Amino acid sequence: MTGTRIAALGHHQPAKVLTNDDLAALVDTSDAWITSRVGIRTRHVAGPDEPVDALAAHAAAKALAAAGRAPDDIDLVLVATSTAIDRSPNTAARVAARLGMTSPATMDLNVVCAGFTHALATADHTIRAGGARRVLVIGADKMTDVTDWTDRTTCVLVGDGAGAAVVEACEAPADGGLAAIGPVLWGSVPEMGHAVRIEGTPPRFAQEGQAVYRWATHRLPALARETCARSGIAPEDLAGVVLHQANLRIVEPLAARIGAVNAVVARDVVDSGNTSAASVPLALAKLVERGELPTGAPVLLFAFGGNLSYAGQVVRVP
């Protein structure tokens, strides 16, 4: 039976860095106010000549190089994003063109901040069903394109970036042990679609922060533990936890309540802000690049976002 694995990761962020002090010159805020409430100190901001597909292509090229694969080794390109300005060509097709691919299937997925983990599950399912052998999975968002820079409750949160993974077929464990990419747990709370929004013309990001905080801190620990159970692993045996990097005041309590007492917890939100669909692969790729997670170790990925959609799985570190 075919299994799947993450063969390699890559990430990319724009060179320009926006500090809390820089934001304090734009709106009524301060470094102390921002760090005490969301834990963010800096974020990366893309320029007009850096569209979402460019961010995605940079991350994808790094993942391909790390995996030792050529662009035409990829059968399917999946891009999770909610900030692409154009509808067609889709972002995945533009990434494929930038990388010089000749005939991949290309699809975008819009599940806002939970996009990458949804896309990773889609790649896993596609490979297991025989629809592809290798899939390029990318989470990329340019949140600063949809930000109201006069709203101090949201402009302090966001950043731009991309993370990518090369996912490929592998032999499933014969003993029924933990797969390289474990079963997904996903769902949503459609009646709370108002809690996180990117709406209007031009589109603007808005959220009901307290509603998101209450839902995440009360509901997510049990969902994350169930995700671990589906992979047959106890939370205390996790080597890492990579949650959606929305707010450090959400990430840290959630990791503790999951019971991952021995895990390295991703805190990339401090340096990158909320990069939406990019946040999970960006944080995971950095942990792996720095050698903080050993090859083959189990890591919980779990993201949540618009419509209070959520998706998570346990994966093995490439």
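Scoring rules and cut-offs
Residues numbered from 1 in each chain as written. Predicted model: local features only at pLDDT ≥ 70, side-chain atom pairs only at ≥ 80, totals over all residues. Heavy atoms only, no water. Pairing = 2+ DSSP bridges. Helix = DSSP H or I, 4+ residues; strand = E, 2+ residues; numbered from the N terminus. Contact = heavy atoms within 4.5 Å. Axes fitted to C-alpha atoms, helices over the stretch in contact; angles between N-to-C directions. Disulfide = S-S within 2.5 Å. Buried < 20%, exposed > 50% of the residue type's maximum accessible area, 1.4 Å probe, protein only. Phe/Tyr/Trp six-rings, centres within 6.5 Å; stacked < 30°, edge-to-face > 60°.

Focus on the sheet that holds strand β12 (residues 264-265)
Taken together, the five strands give an open sheet; going across it, the order is β8-β14-β13-β11-β12, and neighbouring strands pair in mixed fashion. What marks the edges here is a single partner per strand, and that holds for β8 (185-187) and β12. Bridge count between β8 and strand β14 (residues 310-316): three bridges; the pairing is antiparallel. Bridging from a neighbouring strand, Gly187 pairs with Tyr310 of β14. Strands β8, β13 (298-304) and β14 of the sheet are contacted by helix α6 (residues 209-230), whose axis makes an angle of about 145 degrees with β13. Along the sheet, helix α7 (residues 248-258) makes contact with β11 (240-243), β12 and β13, crossing β11 at roughly 135 degrees.

Comments concerning the state of the cysteines
For the structure on display, the rule yields zero disulfides. Summary of cysteine pairing: Cys155 is not part of a disulfide, and the nearest cysteine sulfur, belonging to Cys113, is at 16 Å.

Details of the environment of Leu254
Examined against the element boundaries, Leu254 turns out to sit in helix α7. Owing to a relative accessible area of 2%, Leu254 belongs among the buried residues under this scheme. Along the sequence, Leu254 and Arg219 sit 35 residues apart, while their C-alpha atoms lie 9.8 Å from each other. What Leu254 contacts, discounting residues up to four positions off in sequence, is Ala216, Thr217, Leu220, Pro221, Leu243 and Phe304.

Quick word on the packing of aromatic side chains
A full pass over the atoms with the stated rule returns three aromatic pairs. Taken together, a centroid distance of 6.4 Å and an interplanar angle of 55 degrees make the contact between Trp215 and Phe304 tilted. Taken together, the positions of Trp215 in helix α6 and Phe304 in strand β13 put the pair 89 residues apart, joining distant regions of the chain. Residue classification places Phe304 among the buried positions, given a relative accessible area of 3%. Note on Trp215 and Tyr310: the rings are 6.0 Å apart at their centroids and 35 degrees apart in plane angle, and the pair reads as tilted. Highlighted residues: Trp215 in helix α6 and Tyr310 in strand β14, separated in sequence by 95 residues. Here Trp215 and Tyr310 have matching classes, each one buried. One aromatic cluster is present, built from ring pairs that chain together Trp215, Phe302, Phe304 and Tyr310.

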